[in-house]
Structure formats: structure tokens, C-alpha cells
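What follows is each chain in one-letter form.
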Amino acid sequence: MPHSPAPAPAPATRHLRRLLELLATGAPAEDLGTVAAQARRDGAGPEDLAEIDRAVDAALRVQSTLRQHRRREAELTALFDTAGDLAALRDLDAVLRAIVRRARQLLGTDTAYLTLPDEEAGDTFMRVTDGSVSGLFQNLRLQLGEGLGGLVAQTARPYATPDYRTDDRFLHTGSIDAGVLDEGLVAILGVPLLLGSGSGGQVIGALFAADRTPRAFAPDEVALLCSLADHAAIAIDTAKAMADTRTALAGLAEANAVIGEHSAAVQRAEESHDRLTDLVLRGGDVSDVATAVAGLLKGDVAVHDGSGWPLATVGGPDGAAGPDGGAGPVGGRDSAVGRRDGVVAERDGAVGGRDGAGGGRTGVVVGRDGVVRASGEDRSGVRAAALVAAAEDSRSAARAVFRDGRWVCAMLAGQELLGCLVLDGRPDLTGPDQRLFERSSVVTSLLLLLRRSVAETENRVRGDLLTDLLAAPRRDPDGLVARGRRLGFDLDRPHLLLLARTADEARGRLADAAVRHLFGTGGVSAEHQDAVVLLLPDEGRTPGEAARLAAGQLGRLVGAPVTVAGTGPAAGPGAIADAHTEGTRCLRALGVLDRTGQGAGVAELGFLGVLLGDNHDVDGFVTRTLGPLLEYDARRGTRLVPTLRAYFDCGGSLTRAKDALHVHVNTVVQRLDRVQALLGADWNAPEQALELQLALRLHLLSGS
């Protein structure tokens with residue numbers, strides 16, 4: 001039996017199915033409204049039309065709900081993405097840019113931006129913008145309370161305006177209004193970036209969304225922007241915490257490194273101190289200590305006595321070059337210099353070259369005041385004085401001081417300045433190494449104090465020998481020589497003899513000062529009659545040079561002018577006694593010539609020295625006085641000596657002199673100018689003129 005066809009669906013059913021299809025495909029609300037209109041055109045009954053209208057209303061509600069759910073889903077996705085960014089925080093700027101971009105996308109605004117406070121400037125600035133096209137707007141700076149952003153920061157509450165330019169709730173300023181106008185913004189929503197909750201929250205910035213057309217922001221949009229602002233606040237706080245943590249970790253690492261360095265430095269200092277102490281206990285000398293300190297500190301080291309003269313150097317010429325770049329006062333004493341492995345070392349307990357300038361004989365210079373000086377000695381004396389001043393600074397500061405490109409540390413015995421330790425080549429000396437340097441000066445002080453005590457004891461014994469020699473040199477000369485050898489003092493070796501005298505009130509200190517001056521030289525001193533006699537080995541220095549050096553150092557040690565006469569060299573008891581007699585006359589002459597506090601040898605007293613000396617060295621006097629002129633005449637074939645003799649013979653008259661010489665007066669003037677260039681500007685002073693006239697007369701008598 002054939003089946004009958006299915007009945008056609010009722011009109012209402014067909015339209016309802018169409019409504020569901022549109023709803024399923026996400027059709028817009030306008031398409032949903034066309035279903036009811038189509039039913040009316042199809043002739044649906046009143047009841048069907050009423051049912052279809054109710055279904056359309058329900059579909060619109062469902063569509064609205066689905067739209068809200070999708071929007072909420074997008075918001076949640078954005079928040080989850082932001083949370084992920086925070087969890088993997090690497091770059092704060094990147095996270096803030098992502099938050100601002102999502103705020104703009106989710107709220108559908110034309111632009112979004114984030115401001116942060118500038119604590120130094122006391123205002124806020126644009127940290128991140130998205131969708132902004134105005135450079136003026138991007139560089140805006142807001143004071144607290146200015147504009148919508150200032151109000152948000154001041155009250156810690158969200159604020160929104162549908163039209164910023166006409167809203168009088170905010171404090172409008174010319175710069176802010178100009179920036180907003182240049183960007184074209186109208187509707188603005190701003191929320192605070194808060195750390196903490198409630199009234200105690202701290203505002204650390206603000207997040208904004210803005211449109212270029214009027215717009216009212218819904219509460220859920222405000223809530224969404226607040227959520228994003230919370231994420232931004234967390235990102236900023238987390239970044240700050242991470243930065244603080246990194247800073248703290250870096251500080252801890254640095255502190256740990258410092259502690260490690262300090263521990264290593266303490267251990268190194270203990271080992272170094274033990275090494276230096278052991279060196280002293282094994283009988284090491286000053287040069288050994290200097291070598292050890294130089295090796296420990298990787299620099300050039302010099303040990304100087306209390307007057308600034310070196311006792312030992314390692315590395316540089318004096319362990320530290322002088323400010324002028326020249327060598328320091330290496331040697332300042334009268335003994336030999338022995339070098340080994342770069343060390344200017346002691347021999348017979350002394351360190352020295354031939355002069356205070358470290359090697360080579362010092363040239364003699366006659367000053368305007370008539371005082372004969374050694375030019376190298378002057379330079380060395382200046383450097384020695386600078387070292388003494390630095391050592392005094394070190395004593396006052398109770399630590400090593402940095403002076404003239406080198407470290408200086410005083411060596412003390414109580415308050416007495418024994419000398420100083422000098423380190424060159426280490427301007428960057430750190431705390432631990434500086435303390436090691438200062439410890440080294442203490443060890444060196446102990447060594448110097450021990451050696452000085454031994455030297456004082458030896459000097460007392462040897463001083464008795466010198467006293468007996470001067471009292472009766474010819475009674476038993478062989479016995480005196482043998483006695484000296486038993487004491488380690490060879491009287492047959494050439495010696496220089498110095499006689500020193502000072503004012504009565506300082507005489508008691510002169511004997512001790514002499515012992516300190518001779519410390520390390522192998523010399524001996526004794527009080528004899530009204531002077532202190534110093535006998536020291538001849539190492540090439542002239543008696544005058546030795547006398548000037550002694551006068552300077554003894555004067556500093558005594559604290560009063562000390563006059564010193566130098567004679568010699570002399571070998572054997574008889575010759576030493578004769579040198580003492582000659583020195584006594586020289587010392588008396590220095591007093592008569594008003595040269596108290598100076599040092600000189602007999603040969604430097606001019607014609608008076610010829611009279612006072614035992615050898616009456618006339619030729620030497622003539623050579624010393626006229627030598628530059630004689631040499632010039634011999635080399636150039638000139639007649640300076642005859643011209644000078646004629647000038648004096650004519651009573652200083654240029655006219656009479658030119659007649660005697662049969663030359664033009666200008667020739668006489670030119671020759672005398674040359675004499676001045678060779679002899680010095682004071683050649684015609686009374687004393688100098690007398691010396692020249694005597695030398696000229698003796699030269700004439702000799703027939704040269």
C-alpha cells in the first residue's frame with residue numbers, strides 16, 4: 001500500500017528553524033530581525049507571528065550573551081597572556097608595551113598609553129604609547145594634580161571623560177591641552193597603577209585608553225583596564241625587586257670577593273712578616289730586607305736613613321727616582337757600592353757612591369757667597385730633604401704616605417725617626433699591600449736599631465783607639481795599627497779626617513750625631529779637645545765634599561749649625577795625626593772667615609789654604625784659581641791671563657790697561673767679559689780679586 005507524502009512544515013516552525021540557523025552562524029542582530037518580517041510576508045497567522053517575535057527577542061538575548069562571553073574570553077585570554085609575560089619577565093619595557101597594546105585592542109580605542117613618575121624631576125612622563133601619532137603628546141610631562149592623569153595619580157581612583165576638552169573636573173594646562181589637541185583625543189579613561197590595596201595603596205603610575213571621538217566607557221571596560229593596570233604595577237614592582245635582588249647579589253658577590261681578598265691578604269701579610277722576621281734573625285742586612293720587600297710588593301724599594309740618604313736600594317737608582325727624573329741620592333756615604341742582581345748593596349755596612357748624586361765625582365761650584373759647593377750634592381740634598389719631609393708626614397699620619405709618585409713610610413724607634421722605607425712603581429698600592437709595606441718598615445726599623453746599637457758599641461771601643469792615636473801618634477805606631485786591626489779598623493788604609501764643632505749648648509748632642517752620621521760607613525768618631533773627630537775610609541770623595549755633607553747632616557741631627565773641616569786622605573798613625581793638625585787650623589780659619597755652619601777642605605780656602613796646609617800646594621792653588629783662564633788661553637791662543645794681570649796692575653783702569661797691552665779699549669772689555677763668563681760674575685769682588693791677584697803673581701813667579 002503506497003505511503004502518503006509528509007505534510008509541509010507549519011509556517012512558524014520553518015521561521016523558527018531559520019532563526020536558529022542565523023544564530024548558529026553568528027549573524028548580526030539585523031539579520032535576526034528579518035525573520036519576523038519574512039513571516040509576515042509569508043502570511044503567518046497572528047499566533048505564529050507572536051511566537052516568532054518572542055523567539056527573535058530570545059535569539060537577540062542569546063546573541064548578546066554569546067558576545068559578552070566571547071569578549072570576556074578575549075579579556076581573560078589577554079590577562080592570562082599578560083600573567084604569562086609577568087611569569088617570564090625578561091624585559092620590563094616589552095611587558096609594558098604588550099599591556100598597553102592589549103588595552104587598546106580590548107577596549108577598541110584609538111590609542112593607549114602608560115605614564116610613570118620621575119622621582120628626580122618630581123613629575124610624570126610617558127613611558128609607553130600605542131597608537132599615538134603626535135610627538136608633542138608623547139613627550140608630555142605632567143605635574144601632580146594636572147590634567148586627568150594628575151587627578152588619577154592624586155586620588156588613586158579611575159577617572160573617565162567622554163570629552164576631555166570640555167570637562168572642567170580637571171586642572172587644564174596649556175602644555176597638556178596642546179598635546180591632547182595635537183593627538184586629537186576626545187574621550188579618555190585613566191586608571192591608577194597601585195601597589196597594595198585599600199587606602200594604603202601606593203600609586204606608581206597610570207594606564208590610559210583614549211578615543212578621538214566622544215565615547216562613554218562602560219563599567220566593565222573600566223574594570224578591564226584596572227586589571228591590566230594591576231598587571232603593569234606587578235610587572236614594574238617585580239622588575240624593581242629583581243633589580244634590587246641583582247644589586248644585592250652583586251653586592252654580596254663583591255663583599256665575598258673582598259672577604260676572600262682580605263683573607264688572602266692577611267695570610268700573605270703573616271707569611272711576609274714571618275719571612276722578614278726570619279731574615280733579620282738569620283743576620284740579614286738592610287739590602288736583604290730591601291730585596292725581600294721589593295719581591296713581595298713587586299716594586300723598587302729604597303731604605304733611607306733619618307737624613308734622607310740611602311742605605312740600600314733595589315730596582316731603580318735609589319728605589320725611587322727623584323721628581324726631576326734623575327737618580328736619587330744613591331750612596332750619600334763614603335764607602336763602595338757593590339751590585340748584585342740589581343741591588344745597590346752595602347759593603348762594610350755602607351752604601352755609597354763617590355758623591356751624593358749616585359756615582360761620579362761631584363763637580364765643584366763657587367757661589368756668589370764664596371761658598372764652594374758640589375752641584376750633584378746640592379741636587380741630592382734637595383731630594384734627601386724631600387724624603388725627610390715625607391717621612392715626617394708619615395710619622396704624623398701613623399701610616400705610609402704617597403708623595404712625588406712614590407710611597408714613603410717612616411721607620412721609628414719610639415718617636416725618633418730612624419729613616420724611611422720608599423716604594424716606587426706601585427702608585428696603585430692597595431690596602432693589604434699598604435699594610436704589608438708598613439709592616440716591612442717596622443721590621444726594618446728593628447734591624448736598623450739593632451745595627452745602630454752594635455755600631456755605637458763598636459764606635460766607643462774604636463773611639464778610644466782614635467783618641468790614643470791623636471794624643472800620642474808616634475809613641476807606638478805599630479801597636480796602634482795592630483790594635484786597630486784587632487778591632488776591624490785598618491789605620492794603614494787611606495782615610496779622610498773631619499773635625500766638627502758646634503755651639504756650646506749643642507756640643508753634647510754632636511758626639512751622638514757623629515755616630516749616626518758614620519753609621520754604615522765603616523768610620524769611627526771620638527771627642528778630642530774642643531771638637532769631634534770623624535775618621536772615615538777614603539772612597540774618592542774630596543775632603544771638602546765630605547765636610548759639606550757632614551756639616552749638612554750633622555746640623556740637621558744636632559739642630560744647630562755645625563762647622564766641619566776636611567783633610568786627607570791620610571794613611572798611618574803619623575799621617576792621620578798631621579791631618580788632624582791641619583784640620584784644626586782649617587776649622588779655626590772657617591771661624592775667622594765667618595763660615596760657621598759650613599764645611600770645607602783646606603784646598604778650598606784659596607791662598608789661606610796654601611798658608612794653612614802642610615804641603616803648601618802653590619801650583620794647586622794657581623790651577624784652582626786660574627785654571628779656566630789658563631785652559632782657555634792654551635786652547636784658543638788668547639791672552640786672557642795677561643789681560644787680567646794688566647787690568648789689576650793698572651788699578652782696574654781700562655784706559656791704562658789698553659795702553660799697557662797696546663790694544664783697543666773694546667778689546668780689553670771683550671776679554672774681561674770672557675773672564676767673567678769663565679770665572680763667574682763675582683770675579684772682581686774684593687776676596688775673589690785678592691785670590692786672583694795672588695794667583696797671577698805666583699803664576700808669573702813660576703815662569704809659566
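Residues numbered from 1 in each chain as written. Predicted model: local features only at pLDDT ≥ 70, side-chain atom pairs only at ≥ 80, totals over all residues. Heavy atoms only, no water.

**Remarks on the pattern of salt bridges**
What the rule picks out here adds up to 21 salt bridges. For Arg 403, the salt bridge goes to Asp 393, with nearest N and O atoms at 3.3 Å. Placement of Arg 403 in strand 13 (residues 401-403) and of Asp 393 in helix 10 (residues 375-397) is noted, with a sequence separation of 10 residues between them. Looking at Arg 403, the relative accessible area reads 34%, which means it is partly exposed. Close ionic contact of Arg 501 with Asp 530 constitutes a salt bridge, the shortest N to O distance being 3.2 Å. Of this pair, Arg 501 sits in strand 16 (residues 495-502) while Asp 530 sits in the loop between strand 17 (524-528) and strand 18 (531-537), and the two are 29 residues apart along the sequence. Judged by relative accessible area, Arg 501 falls into the partly exposed class, the value being 26%. Here the salt bridges share partners, and the residues they tie into one network are Asp 118, Asp 123 and Arg 141. (Salt bridge = Lys/Arg side-chain N within 4 Å of Asp/Glu carboxyl O. Helix = DSSP H or I, 4+ residues; strand = E, 2+ residues; numbered from the N terminus. Buried < 20%, exposed > 50% of the residue type's maximum accessible area, 1.4 Å probe, protein only.)

**Quick look at the pairing of strand 6 (residues 202-211)**
On a regular strand, one side chain projects to one face of the sheet and the next to the other, so that they alternate. In terms of burial, strand 6 is a largely internal element, eight of the 10 residues being buried. Where strand 1 (residues 111-118) lies against strand 6, five bridges are found, and the strand directions are antiparallel. For Leu 114, the partnering residue across the bridge sits in strand 6 and is Leu 207. Bridge analysis of strand 5 (residues 187-195) against strand 6 gives nine bridges, and the strand direction is antiparallel. (Pairing = 2+ DSSP bridges.)

**Thoughts on the packing of helix 18 (residues 640-649) against helix 20 (residues 665-679)**
At their nearest, the axes of helix 18 and helix 20 sit 10 Å apart, and the two run at 105° to each other. Considered as vectors, helix 18 and helix 20 are oriented roughly perpendicular to each other. From helix 18, Leu 640, Thr 643, Leu 644 and Tyr 647 reach across to helix 20, where they touch Val 668, Arg 671, Leu 672, Arg 674, Val 675 and Leu 678. Of the residues that constitute the contact of helix 18 with helix 20, the class distribution is seven nonpolar, one polar and two charged. (Axes fitted to C-alpha atoms, helices over the stretch in contact; angles between N-to-C directions. Parallel < 35°, antiparallel > 145°, perpendicular 65-115°, else oblique. Contact = heavy atoms within 4.5 Å. Nonpolar A, V, L, I, M, F, W, Y, C, P; charged D, E, K, R; others polar.)

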